[in-house]
Amino acid sequence: MKSLLYPHPLSLTSISSTAKPQHLTLSHTRTFLKLPAIHGDRSAVKNPALTVRASLDSVAVNQSGISLPDARNPTVSSSYRNSNLPKPNPTVLEAQTRVCTGPTQTKPLGEDQAMKVLDTILRSATGELKDEEPVSKAQLGAFFAAMTIRANCFPEATQWSEGETRAMDKYWPLLVRALPPDVVFIADPEGSLMGIGSSIGPQFVGNGTSDMRLVGALREVLAGGHLGYEEVQGVLKDVLPLKSTTEDGTSAGVSESLLSALLIGQRMNRETDRELKAYCLAFDDELGETPIADVKSLTHYGEPYDGNTRFFRSTLFVAAVRSCYAESSVLHGAEWMPPKGGVTEEQMLKFMGADTSLTPSQAKVLLEDEDVGFAYISHREARPSLYSLLKLREHIKKRPPLATSEKVQQFVKARGKEAIVTGFYHEGYEDSLLMLMKRRGVHSGLVVKGEEGALSMTTRLRSVNSSKGIPVNYCSGFRSLSMASACEVDGVSRQSFNLEVNAVDYGFEPTDTPRTDRSVLKNIELGLTALHGQKGPAYDRIVLNAGMVDHLLGCDGAEDISVALDRAREAIDSGKALERLWNYIKVSKQVRHRPAMCV
């Protein structure tokens, strides 16, 4: 397997799909996670990178129940996509990339592309499309919702191009007879947009109670309007969880076309705070009361669920570091999530042999374990209703409102102080995220403009050619000056801040963030090598993000940033952080098998 995982030069993307499955054992895991002597002479490890690499060579491709047919190469993030999910039509998906976005980002289609897209939709609807995947109902809903919103309320520069208008004039008379009524309604809700009178849109009410509420909401959204808090929550609770779809793309009482149109439409209209709050809080009670961990401090890390495709993702290793000095962390996310389908914490933990199907109550046990102190919770386990949208999210292409709200969650609460940290990319969402954190009632909140929209700060210098707007490493947040939560304090008792973190100011050498390029294994190797104590860009990034977050959130002992950074370095250099990660993998496997009363 060494030649497969680590050819020379190093290549991490080629595991044979016919290799005989093996299973990761505890001895394998301990071999590559534990130092030769945690409290001994660390100089015995002359080259931690080679030690980690050699140890990872022994890790099998079927560590935690991944079967080879389902994940031919578990070292690459894209392989974690469920092969049972139907793929979207690529021609229409490419068009969605251009038009299912905001009023300034939308790129109108040229005439040739518009003709090709509408022809593909027509041939799919009539059963004549043989050379590509069929156009799904979710794609139809998203694409035509985008076209309608652009025509109704976008600025002139991003409304329909002349080529799109000519293409629609040619194909709509054919499409209106071939498409189902719900899609015709989305494309022409008032019966006047397409230039030929049609009574389908104005008279459409849907099928069943769920569709009726959805249609009413869509009439507002397709006109560029917004919905109230109760209206959004009512729709979500009516239609979720989605059931398995039938051959015609419908599921138990709800049209995927209508739901896709709503999700992409609200995103294109730029969600209001009340809409985001509705998405954020809608399913808080889905599993009953939220467990409360008996810890003095708990930080909720909300990384983008769709992962990293280019750069080192450090948060898992940061959590292991912070747990060494009683700063507990909850990480949450998904194994694989569109649109990016990048490297996630769940992929790394699963590859290393941890149990990634823990409930919030089981995660509470790990948080309270003095030898662990952090936990990961999958969206699949914590919010099954929202997770049921996975396939639909791939087919609408662009991020729905959930991509923002799901980052601000409390799957476990704490008896002590709580904080939330998350990342953002598009300017304006930092304020919405902080609003949601305050609504959650946490004591402190932090949003970071990280690379790829993630929450990690980098040690690289800001480029002189960087684009306008908010720079990478920009941080904004608040912290309460007492034990009172954000819901209980006034503006005087809560300190707000914003700053751009320059790592050089704190003694770090400027370095580029290590690239992983979708390689789960490369990301693990970088993190483990750093936790073995090897200095370099990955080590510095972990230290910076542990110490700086402690300082900005107002954690005990982190008032002086240099002290906070030294504390993080000591957690790594002593071997404690690496041992915590090993303990997590071991205990996560045990906690699932404990009697319920012990959880």
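A brief structural summary. (Residues numbered from 1 in each chain as written. Predicted model: local features only at pLDDT ≥ 70, side-chain atom pairs only at ≥ 80, totals over all residues. Heavy atoms only, no water.)

1. Remarks on the pattern of salt bridges
Line of reasoning, step 1. For the structure shown, the criterion picks out 33 salt bridges.
Line of reasoning, step 2. The partner of Arg166 in a salt bridge is Glu111, with the nearest N and O atoms 2.9 Å apart. With Arg166 in helix α7 (residues 162-178) and Glu111 in helix α5 (residues 111-125), this pair connects stretches of sequence that are 55 residues apart.
Line of reasoning, step 3. Note on Glu111: relative accessible area 29%, which makes it partly exposed.
Line of reasoning, step 4. The salt bridge involving Arg123 is made with Asp119; its shortest N-O contact spans 2.9 Å. One end of the pair is Arg123 and the other is Asp119, both in helix α5 and 4 residues apart, which spans about a single turn.
Line of reasoning, step 5. Judged by its relative accessible area of 25%, Asp119 is partly exposed. (Salt bridge = Lys/Arg side-chain N within 4 Å of Asp/Glu carboxyl O. Helix = DSSP H or I, 4+ residues; strand = E, 2+ residues; numbered from the N terminus. Buried < 20%, exposed > 50% of the residue type's maximum accessible area, 1.4 Å probe, protein only.)

2. Digging into the packing of helix α14 (residues 315-323) against helix α25 (residues 576-591)
Line of reasoning, step 1. Contact pair α14 / α25: the axes reach a minimum separation of 8 Å and the direction vectors enclose 110°. Regarding the angle of α14 to α25, the classification is roughly perpendicular. In this structure, α14 crosses over α25, and the sense of that crossing is right-handed. Where α14 abuts α25, its residues Leu316, Phe317, Ala320, Val321 and Ser323 lie against Ala577, Arg580 and Leu581.
Line of reasoning, step 2. Considered class by class, the residues forming the contact of α14 with α25 number 6 nonpolar, 1 polar and 1 charged. (Axes fitted to C-alpha atoms, helices over the stretch in contact; angles between N-to-C directions. Parallel < 35°, antiparallel > 145°, perpendicular 65-115°, else oblique. Left-handed = near helix turned anticlockwise from the far one by under 90°. Contact = heavy atoms within 4.5 Å. Nonpolar A, V, L, I, M, F, W, Y, C, P; charged D, E, K, R; others polar.)

3. Observations concerning the nonpolar core
Line of reasoning, step 1. Judged by nonpolar contacts, the single largest core of 86 residues is most densely connected at Leu316, Phe317, Val321, Leu446 and Tyr584.
Line of reasoning, step 2. Among the elements that take part in this core, helix α23 (residues 537-553) stands out by supplying 10 residues, more than any other.
Line of reasoning, step 3. Leaving out residues up to four positions away in the same chain, Val321 has contacts with Leu531, Ile542, Ala546, Ala568, Ala571, Ile572 and Ala577.
Line of reasoning, step 4. Judged by nonpolar contacts, the second largest core, of 67 residues, contains Leu122, Val183, Val254 and Ala278. (Core = buried A, V, L, I, M, F, W, Y, C linked by side-chain atoms within 4.5 Å.)

What is shown is where atoms sit, not what they do.
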